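# Topology and contacts: notes
Here's the letter readout for the chains.
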Amino acid sequence: MHFAYSALQAILNGILTGSLYALIGMGMALIFGVMRIVNFAHGAFLMLGMYVTYALFLRPGLNPYIAFLVAGLFLFIFGYLVYMGLLRPIRGHTDFMDILMTMGLSLILIDGVQLIFGADYHQINIPLLSKNIHFGPQISLNAPWLVSFVIALVCALLLYYVVMHTMFGRAARAIAQNRYSAPLVGINVNRVQGIAFGIGAAAAGMAGGLLLPVFYLYPEVGNQFKLKSFVMVVLGGMGSIQGAAVAGIVLGVVESLTSLYWGNEWALAVDFVIFILVLSFRPNGLFGSQRV
Amino acid sequence: MSRTTTLCLAFLAFLLLPVMGCRSGSGGNSNTIKIGVITSLTGSNAAFGQAHKNGYAIALNEINAKGGVLGKQVELDYYDDQSKPDQAVQGVSKLVDQDKVAMVLGAYSSESTRAIVPVLTQKQVSLIIPTAVADNVMETGSQWVFRICAGSGSFATATLDFLKNNGDPRNMAIVYENTNFGQSNNKSMTEAATKAGLNLVDSEGYQASSPDYKGLLQRVKGKNPDVIYFASYLLDASTLMRQSEQVGLNPRYYTSAGTGFAAAEFPTQDKGAGKYAEYTYSVSQWLPSAQWKGSKEFDDQYFKNTGTHPAYHAMEAYAVLLTAVAAINNAKSTDATAIRDSLRNINLTDTPFGPVKFDAKGQNAHPVLVTQVQNGQYKVVWPQSAAEAKPVIPTPAWSERP
């Protein structure tokens, strides 16, 4: 019986963590799906979101569960400007240039934040952190994780709605299907791509804000999430946002079960074993390819 | 000016930068003696690096107020390794090659210290280690390395000694951060516990930057150990204890290899585990209440400077600088070999950190205490001769705590 409970507990914890992964992965998938840009700055966007939330928590003392929205807005504008200023001019050359550009941007952001805030680790302490919600004697969930989960779920559904049911979403999907015929039907490709890039960055930024209460903050914090988001994009089918969302949850649960049964050190290794296996045997992702 | 010329000039300026830095560094002021310090002022171990810095500052003030050494003022030359071993190695080059320091003190972590030991040995400059407890930093056979603190082997022995005389539990699980510090403590404890006849039910390594240890802790819970022995830094220690409550992990003893569990910040609400630190045991090398002469004065001065009370990391930095200056004084020179030989023969009988004397391997025999957090304070509970309080055994279950 203990066995079943501990597995259930691990799965629930995995889903909570996975929901944040899902939000990060959806942002990455949107950018990859619409623009075929492998965004190496995605981790840095997440880190920026965390620092924005942190700065707002310090100065006006804003609750991180409100401040993350500001982080999202900030990252949206920032992402849009990055696309328009840095990425659009080099589009149409090789994919390699996008990779180098986002990688360079990532280094600048990380080192820039390090210059301003220093390389120190920071942690915030909110009263919610010590609240656990018990379900029977065996199962308990930590309140901030639960709150983050609910918010991440809402954000993910919203993102899904925007992509599937709005004019912008239809335009974005049209570009994803054929970047050259889209302008023929009157789609402003640059603007739509800029907005898509902004939304992708905002998703990472909001996830960062939601992570802040339960994690620590340092300039290189985004790197581990960047790697995970690559795994999610591949697992979810190379640019499908719903695929990436499911992949995020899968990743969270797999990591949680791995550290329960094999040990914490194996969690990251298992992520990448999955990554390599999927790339080798199911290159279109676990759920088949359906871009954006 | 053409673009090419500008570029060339910029490039030249870039090349010259280190040379210019060198000039201003090594030329220096001949009225001072420079001692290099490598520690972690930023990065994940910044809390400990700052403690180092506060400890060094007090020692430096005292020394220079008394006229310095060999008629010169002492100057500390800091290098921040950002909590990264590769940066610590770069620090050695900077301090030794450019700044020509007389000797080096540091680093903070075992990981960084292990990285700089061979470099300093090769450059033939003495290193005194304040806080790195991994025993492998002393196992290279280097003639240039001295350590003032007790090592992971002594931590394990002291913890087992305490346990044997306080309930004699049978099962132990080890949870350690997976770099040199944790690995070394895992190894030492595994050997010592097996020898003492304890049943090791689990040994779990983890990555210190992970947000979630709940899976790991659940796994430990499943093994049902009487004792958990943690080897953790500060942020991971806080997260581990908070999440131990979340998964309802209730061993009879939460013991630890000091460090994060002994940091001044650990029992505080803002920067540590707060109430989750309560009842955890830790090995300790020094406390403000220590009997050694000068401990109280150090505590007072530290509190005056920083508004907080020091943990042993700050004292170890303080003691290391006292030792370094005493060695230069005895050597009557800043020659590297003379300083090393002087360190070999050093015999300080009454520092606030206790006696300092290095054995043939460069190790100082320093006693280890066991403390327990009680009402947010570290209280010595072992050995009996130094105990300030009785240990609370067993650790109250999370559900029974207020």
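Residues numbered from 1 in each chain as written. Chains lettered and ligands numbered in written order. Predicted model: local features only at pLDDT ≥ 70, side-chain atom pairs only at ≥ 80, totals over all residues.

## Some thoughts on the overall build of chain B
- Per the secondary structure count, chain B includes 11 helices and 14 strands.
- In summary, chain B has a C-alpha radius of gyration of 22 Å against a globular reference of 21 Å for 402 residues, a match within 12%.
- Considered along the principal axes of its C-alpha atoms, chain B spans approximately 75 × 60 × 40 Å.
- Per-residue burial for chain B yields a buried fraction of 55% across its 402 residues.
- Put simply, 69% of the contacts in chain B that link residues at least 6 apart link residues at least 24 apart. (Helix = DSSP H or I, 4+ residues; strand = E, 2+ residues; numbered from the N terminus. Rg over C-alpha atoms; globule rule 2.2 N^0.38 Å. Buried ≥ 20, exposed ≤ 12 C-beta atoms within 10 Å, placed from the backbone. Contact = placed C-beta atoms within 7 Å.)

## Quick notes on the sheet that holds strand E5 (residues 145-147) of chain B
All names here are of chain B.
- As summarised here, the arrangement of the 5 strands in space is E2-E1-E3-E4-E5, forming an open sheet in which the pairing is parallel. Looking at strand neighbours, the two that pair on one side only are strand E2 (73-80) and E5, the edges of this open sheet. Across the sheet, the axes of successive neighbouring strands diverge by a mean angle of 25°, strand direction being ignored.
- With 8 bridges joining them, strand E1 (residues 32-39) and E2 adopt parallel strand pairing. The partner of Ile-38 across the bridge, within E2, is Tyr-79.
- Here helix H3 (residues 85-98) sits on the sheet and contacts E1, E2 and strand E3 (104-106); the angle it forms with E2, its principal contact strand, is near 145°. (Pairing = 2+ DSSP bridges. Axes fitted to C-alpha atoms, helices over the stretch in contact; angles between N-to-C directions.)

## Points about the packing of helix H4 (residues 110-123) of chain B against helix H6 (residues 180-195) of chain B
All names here are of chain B.
- Two elements in contact, H4 and H6, have axes separated by 7 Å at closest approach and are oriented at 95°. It follows from the interaxial angle that H4 and H6 lie roughly perpendicular. For the pair formed by H4 and H6, the contact residues are Ser-110, Glu-111 and Arg-114 on the first element and Asn-180, Phe-181 and Ser-184 on the second.
- Here the residues of the contact of H4 with H6 sort into 1 nonpolar, 3 polar and 2 charged. (Parallel < 35°, antiparallel > 145°, perpendicular 65-115°, else oblique. Nonpolar A, V, L, I, M, F, W, Y, C, P; charged D, E, K, R; others polar.)

## Remarks on the sheet that holds strand E10 (residues 281-284) of chain B
Residues and elements named next belong to chain B.
- Read from one edge to the other, the open sheet built from 3 strands follows the order E10-E13-E14, with strand pairing classed as antiparallel. Both outer strands of the open sheet, E10 and strand E14 (377-382), are each paired with one neighbouring strand and no more. Within this sheet the neighbouring strands show an average axis-to-axis angle of 40°, counted without direction.
- Pairing between E10 and strand E13 (residues 369-374): 4 bridges, direction antiparallel. Residue pairing in the sheet places Ser-282 in a bridge with Thr-371 of E13.

## Here's the deal with the domain arrangement of chain B
Residues and elements named next belong to chain B.
- Partitioning chain B into structural domains gives domain 1 (19-150 + 292-356) and domain 2 (153-284 + 368-400).
- Every element with two or more residues in the side of domain 1 that touches domain 2 is listed here: helix H2 (46-65) and H4.
- When grouped by side-chain class, the residues that make up the side of domain 1 that touches domain 2 number 9 nonpolar, 7 polar and 3 charged. (Domains from an automatic or database assignment.)

## A word on the confidence of the model for chain B
Residues and elements named next belong to chain B.
- The predicted model of chain B has a mean per-residue pLDDT of 91, with 93% of residues at 70 or higher.
- Low pLDDT, under 50, characterises residues 15-28; the stretch is placed with 8 contacts to residues that sit more than four places away or in other chains.
- Under the prediction, the complex receives an ipTM of 0.79, its pTM being 0.84. (pLDDT = per-residue confidence, 0-100.)

## Digging into the environment of B:Tyr281
Residue and element names in this part refer to chain B.
- Checked against the element boundaries, Tyr-281 lands in strand E10.
- Since 31 C-beta atoms lie within 10 Å of it, Tyr-281 is described here as buried.
- For the pair Tyr-281 and Asn-54, spaced 227 residues apart in the sequence, the C-alpha separation amounts to 25 Å.
- Residues within four places of Tyr-281 in sequence aside, it is in contact with Tyr-253, Tyr-254, Thr-255, Ser-256, Val-370, Thr-371 and Gln-372.

## Quick word on the nonpolar core
- Counting 223 residues, the largest nonpolar core has A:Leu23, A:Met26, A:Ala207, B:Tyr318 and B:Leu321 as its most contacted members.
- Ranked by the residues each element gives to this core, the list is headed by helix H1 (residues 2-35) of chain A, at 15 residues.
- Built from parts of two domains, this core gets at least three residues from each of domain 1 (19-150 + 292-356) and domain 2 (153-284 + 368-400) of chain B.
- If sequence neighbours within four positions are ignored, A:Met26 has contacts with A:Ala156, A:Leu159, A:Ala203, A:Ile241, A:Ala244 and A:Ala245. (Core = buried A, V, L, I, M, F, W, Y, C linked by C-beta atoms within 7 Å.)

## Regarding the pairing of E13(B)
Residue and element names in this part refer to chain B.
- With 5 of its 6 residues buried, E13 lies for the most part within the structure.
- As judged from the 5 bridges shared by E13 and E14, these two strands associate in the antiparallel manner. Note that in E14 the partner of Thr-371 across the bridge is Val-380.
- Hairpin connection from E13 to E14: 2 residues lie between these consecutive antiparallel strands, with Asn-375 at a positive phi of about 50°.

## Let's talk about the interface of chain A and chain B
- Listed per partner, the contact involves 24 residues of chain A and 25 residues of chain B.
- Mapped by element, the contributors of at least two residues to the side of chain A that touches chain B are H1, strand E2 (139-142) and helix H9 (241-261) of chain A.
- Looking at the side of chain A that touches chain B, the element that brings in the most residues is H1(A), giving 5 residues.

## Here's the deal with unusual backbone geometry
- Of the consecutive residues B:Gly106 and B:Ala107, the connecting peptide bond is found in the cis state with omega at -10°.
- Examined against the element boundaries, B:Ala107 turns out to sit in the loop between E3 and H4.
- Cis geometry is found at the peptide bond from B:Trp382 to B:Pro383, where omega equals 0°.
- Despite not being glycine, A:Met238 shows a phi value in the positive range, around 50°.
- Of note, A:Met238 is situated in the loop between helix H8 (222-236) and H9.
- Take A:Met238: there are 19 C-beta atoms within 10 Å of it, and that puts it in the partly exposed class.

## Concerning the environment of B:Pro225
All names here are of chain B.
- Structurally, the position occupied by Pro-225 is in the loop between helix H7 (214-223) and strand E8 (227-231).
- Of the residues examined, Pro-225 has 25 C-beta atoms within 10 Å and is grouped as buried.
- As a C-alpha pair, Pro-225 and Ser-399 span 174 residues in sequence and 18 Å in three-dimensional space.
- Filtering out sequence-adjacent residues up to four positions away, Pro-225 remains in contact with Asn-171, Met-172, Ala-173, Val-201, Asp-202, Val-220 and Pro-251.

## Side note on the packing of helix H2 (residues 42-58) of chain A against helix H7 (residues 189-211) of chain A
Residues and elements named next belong to chain A.
- Two elements in contact, H2 and H7, have axes whose closest approach is 7 Å; the angle formed by their N-to-C orientations is 50°. Here H2 lies oblique to H7, going by the angle between them. The crossing of H2 and H7 is right-handed. Mapping the contact onto sequence places His-42, Phe-45, Leu-46, Met-47, Leu-48, Gly-49, Met-50 and Thr-53 in H2 and Ala-201, Ala-204, Gly-205, Met-206, Ala-207, Gly-208, Gly-209 and Leu-211 in H7.
- Residue composition of the contact of H2 with H7, grouped by class: 10 nonpolar, 6 polar and no charged. (Left-handed = near helix turned anticlockwise from the far one by under 90°.)

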